[in-house]
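A structural walkthrough
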Amino acid sequence: MKYVSTRGLAPALGFSDVLLAGLARDGGLYVPETWPSFSPTDLSALAGKPYDEIAFTVIRPFVDGEIADADLARMCSEAYATFRHPAVAPLVQTGPNAFILELFHGPTLAFKDVAMQLLARLMDHVLSKHGRRATIVGATSGDTGGAAIEAFRGRASTDVFILFPKGRVSPVQQRQMTTAADANVHAVAVEGTFDDCQAIVKGLFNDHRFRDRVALSGVNSINWARIVAQVVYYVSAALSLGAPARKISFTVPTGNFGDVFAGYVAKKIGLPIDKLIIATNTNDILARALESGRYETTGVVPTQSPSMDIQVSSNFERLLFDATGRDGEAIRRLMDGLGQSGAFTIPAAALGAIREEFAAGRTSEAETAETMRQMLAEAGYLADPHTAVALSVAARQGDSATPMVTLSTAHPAKFPAAVEAATGVRPALPVWLGDLMAKEERFSVLPNDIGAIARFVEARARAVGERVET
Ligand SMILES: Cc1ncc(COP(=O)(O)O)c(C=O)c1O
Ligand SMILES: N[C@@H](CCOP(=O)(O)O)C(=O)O
């Protein structure tokens, strides 16, 4: 299977190269040239299987033989053995047809672990096989960074630099990034927003000389492997609820659009998904774009769900690519518009195609807090603020015979202040993370300046001087 760039000008690559490339060299994002297909019989055969076996089967056609089956199966098994729940991603029923998919049982208590634990193993495998190293630079609004540092720390083949917006992540999230003692991981507080951090990462990828000098790789959801690993839990959840014999709907707390895009991919490969609902906090560019057809950035407002405080949603480009009939030139035009004026208008046909697949809703800060309170009072369920955003949007969908699965993307203990303010209950960190808040922090503070970040990375990256062809 080959992967093509959404902007149409970068070479098509196989899975291993896409895994290391991060962003395509034309600034676009890689997507498979065609969607693999799972028949109802293929899907039924997975029902009741352990999570890692479902992962292996779903991911295998995307890897297309570039990694030996035995290695891929081993990496899936090792990655999901790090989770503290035997089901990996369990479902909790909270109403007659309402379910919460808990994705936070991994090492850093966020759904990012699901993809990151596998991604680190895949990258290490491919790099070691070719005797290469890579420099990873990632941007985080809080969770990707901790998950990446946990998954990559101590690995000989990679140096990891994580840019986070200074003062805009929760204390638990910050400490998950700043307390790892391993020499190959570097947490950097940037004086800016998540969008600034993400723009710097993309800017570094688009500086081809820098990119080649440090053998730059990415672990954000610009990396296709992140998306494909997230497809798996849509499949496992739907199978548990009776798919493929019945349709299932999902509501997804959304920021960078990676998670809900993985749901779209699950549908494309054959999973019978009814509705895919994008839930946003007051940083509601996606909800506005679906309503009006105008994708228009405004300033980012800090909320109690900080990991979703995002305006420029990277993976929306992947959806636009499909919705425009895979027209790379159209995507270049739209993205140029975004770069120049912070906005673009979604072509009418593409908007129609998007509206057929997705619905969207936004939630105010008061509604998020009220949802946390209500869920505890009425269902006995303590939700984190990101999950609450989605629960609030899901509740507005009305009763339906179709099961609605709301994705729970973080453990409430990552956001104790917001949860306590809404519910009166202060969630404690699991005992195995108990000393996190007492550990010594180690991080650098840098200005919102791509030059300063590039110099910082180059001074510390061990892959400098090696050239990796992608
Ligand atoms: C806890 C949490 N929920 C939801 C999201 C939004 O997910 P996505 O960026 O894939 O849309 C994020 C960040 O990505 C997150 O960390
Ligand atoms: N919410 C994310 C933002 C980065 O998203 P990614 O999925 O592209 O890595 C975070 O927690 O960092």
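Whatever comes next refers back to the structure up there.
Nothing here was measured: the structure is a model prediction, and the numbers come from that model.

Focus: the sheet that holds strand 15 (residues 444-447)
- Here we have 5 strands laid out as an open sheet, ordered 8-5-6-7-15, and parallel in their pairing. Here the strands that pair on one side only, and so sit at the sheet edges, are strand 8 (216-217) and strand 15.
- Bridge count for strand 5 (residues 134-139) against strand 6 (residues 158-165) is 6 bridges, and the pairing is parallel. Pairing of Ala134 across the sheet is with Thr158, part of strand 6.
- Packed on one face of the sheet, helix 8 (residues 194-206) meets strand 5, strand 6, strand 7 (185-191) and strand 8 and runs near 150° to strand 5.

Quick word on the site of ligand 1
- Neighbouring ligand 1 are 15 residues; Lys112, Asp143, Gly255, Asn256 and Thr409 lie closest to it.
- Contact distances for ligand 1 include 2.5 Å between an oxygen atom and a side-chain N or O atom of Lys112.
- One of the backbone nitrogen or oxygen atoms of Asn256 is found 2.7 Å away from an oxygen atom of ligand 1.
- In the complex, 98% of the free accessible area of ligand 1, which totals 380 Å², lies under the protein chains.
- By residue class, the composition of the shell around ligand 1 is 5 nonpolar, 7 polar and 3 charged.

What about the site of ligand 2?
- Taken together, 13 residues lie near ligand 2, and Thr140, Asp143, Thr144, Ser221 and Asn256 sit nearest.
- At 2.7 Å, a side-chain N or O of Arg226 approaches an oxygen atom of ligand 2.
- The separation between a nitrogen atom of ligand 2 and a polar main-chain atom of Ser307 is 2.8 Å.
- When isolated, ligand 2 has an accessible area of 340 Å², and the protein chains bury 96% of it.

A word on the packing of helix 8 against helix 19 (residues 450-460)
- For the pair helix 8 and helix 19, interaxial distance at closest approach is 10 Å and the crossing angle is 65°. One element, helix 8, and the other, helix 19, form an angle in the roughly perpendicular class. Handedness of the crossing formed by helix 8 with helix 19: right-handed. Taken together, the residues of helix 19 that come into contact with helix 8 (itself represented by Ile200, Gly203 and Leu204) are Ile450, Ile453 and Ala454.
- Classifying every residue of the contact of helix 8 with helix 19 gives 5 nonpolar, 1 polar and no charged.

Regarding helix 17 (residues 385-395)
- For helix 17, the tally of buried residues reaches 10 of 11 residues, placing the bulk of the element in the interior.
- All of the buried residues along helix 17 are Pro385, His386, Thr387, Ala388, Val389, Ala390, Leu391, Ser392, Val393 and Ala394.

Regarding the pairing of strand 5
- Across the 6 residues that make up strand 5, a large majority, 6, are buried.
- A crossover connection joins strand 5 to the parallel strand 6 through helix 6 (residues 143-152); in handedness this β-α-β unit is right-handed.

Let's talk about the packing of aromatic side chains
- Inspection of every chain in the model, using the stated rule, returns 16 aromatic pairs.
- Centre to centre, the rings of Tyr3 and Phe15 are 6.5 Å apart; their planes meet at 55°, and the pair counts as tilted. Linking Tyr3 in strand 1 (residues 3-5) with Phe15 in helix 1 (residues 15-21), this pair joins segments that are 12 residues apart in sequence. Comparing Tyr3 with Phe15, the two get one shared label, buried.
- Ring geometry for Phe257 and Phe316: centres 5.4 Å apart, planes at 90°, overall edge-to-face. In this pair, Phe257 sits in the loop between strand 9 (248-253) and helix 11 (258-268) while Phe316 sits in helix 13 (residues 316-323), placing the two residues 59 residues apart along the sequence. Neither Phe257 nor Phe316 differs from the other in exposure class; each is buried.
- Each residue in the set Phe257, Phe261, Tyr264, Tyr295, Phe316, Phe344 and Phe358 is aromatic and connected to the rest through ring pairs, giving one cluster.
- Directly above the ring of Trp432 sits Arg84, whose terminal nitrogen or CZ lies 4.0 Å from the centroid.
- The ring of Phe456 carries Arg460 above its face, with NZ or CZ at 3.8 Å from the centroid.

Notes on helix 13
- Counting buried positions along helix 13 yields 8 of 8 residues, so the element is predominantly enclosed.
- Inspection of helix 13 places Phe316, Glu317, Arg318, Leu319, Leu320, Phe321, Asp322 and Ala323 among the buried residues, and these make up the whole buried set.
- Downstream of helix 13 by a residue or two, Gly325 has a phi angle that is positive, lying close to 75°.

The rules we used
Along each chain, numbering runs from 1 in the same order as the chain's sequence is written. Key to labels: chains lettered from A, ligands numbered from 1, both in the order written. It should be noted that, the model being predicted, local features are given only for residues of pLDDT at least 70 and side-chain atom pairs only at 80 or more, the latter also being counted only at that level, while totals for whole chains, interfaces and linings use all residues. Water and hydrogen atoms play no part in the side-chain values, which are based on all heavy atoms of the structure. Strand pairing follows a simple DSSP-based rule, namely that at least 2 bridges must link the two strands. The numbering of helices and of strands both runs from the N terminus, where a helix is a DSSP run of H or I of at least 4 residues and a strand a run of E of at least 2. For this analysis, residues touch if any pair of their heavy atoms sits within 4.5 Å. Lines are fitted to the C-alpha atoms to define the axes, a helix being fitted only along its stretch in contact, and any angle between axes, read from their N-to-C directions, falls within 0 to 180 degrees. Neighbouring residues are identified by heavy atoms, a residue being near a molecule or strand if any of them is within 4 Å of it. Polar contact criterion, stated in full: a pair of N or O atoms within 3.5 Å, where within protein one must be able to donate a hydrogen and the other to accept it, and residues adjacent in sequence count only if both atoms are side-chain atoms. Note on areas: Shrake-Rupley with a 1.4 Å probe; residue coverage comes only from the protein chains shown. Throughout, the ten residues Ala, Val, Leu, Ile, Met, Phe, Trp, Tyr, Cys and Pro are labelled nonpolar, Asp, Glu, Lys and Arg are labelled charged, and all others, Gly among them, are labelled polar. Oblique is the label for any angle not covered by the other classes, which are roughly parallel (under 35 degrees), roughly antiparallel (over 145) and roughly perpendicular (65 to 115). Crossing handedness follows the turn of the near helix against the far one: under a right angle anticlockwise gives a left-handed crossing, and clockwise gives a right-handed one. A 1.4 Å probe rolled over the protein chains alone gives each residue an accessible area, and that area as a share of the maximum for its type sets the label: buried under 20%, exposed over 50%, partly exposed in between. By convention, orient the strands away from the viewer: a clockwise path from the first strand over the helix to the second makes the crossover right-handed. Stacked, edge-to-face and tilted are the three classes for Phe, Tyr and Trp ring pairs, Trp counted by its six-membered ring, which pair at centre distances within 6.5 Å; planes under 30 degrees apart are stacked, over 60 edge-to-face, the rest tilted. Definition used: whenever NZ (Lys) or CZ (Arg) falls within 6 Å of the ring centre and also within 35 degrees of the ring normal, the charge is taken to sit over that ring.

By themselves, these are just geometric observations and shouldn't be taken as functional.
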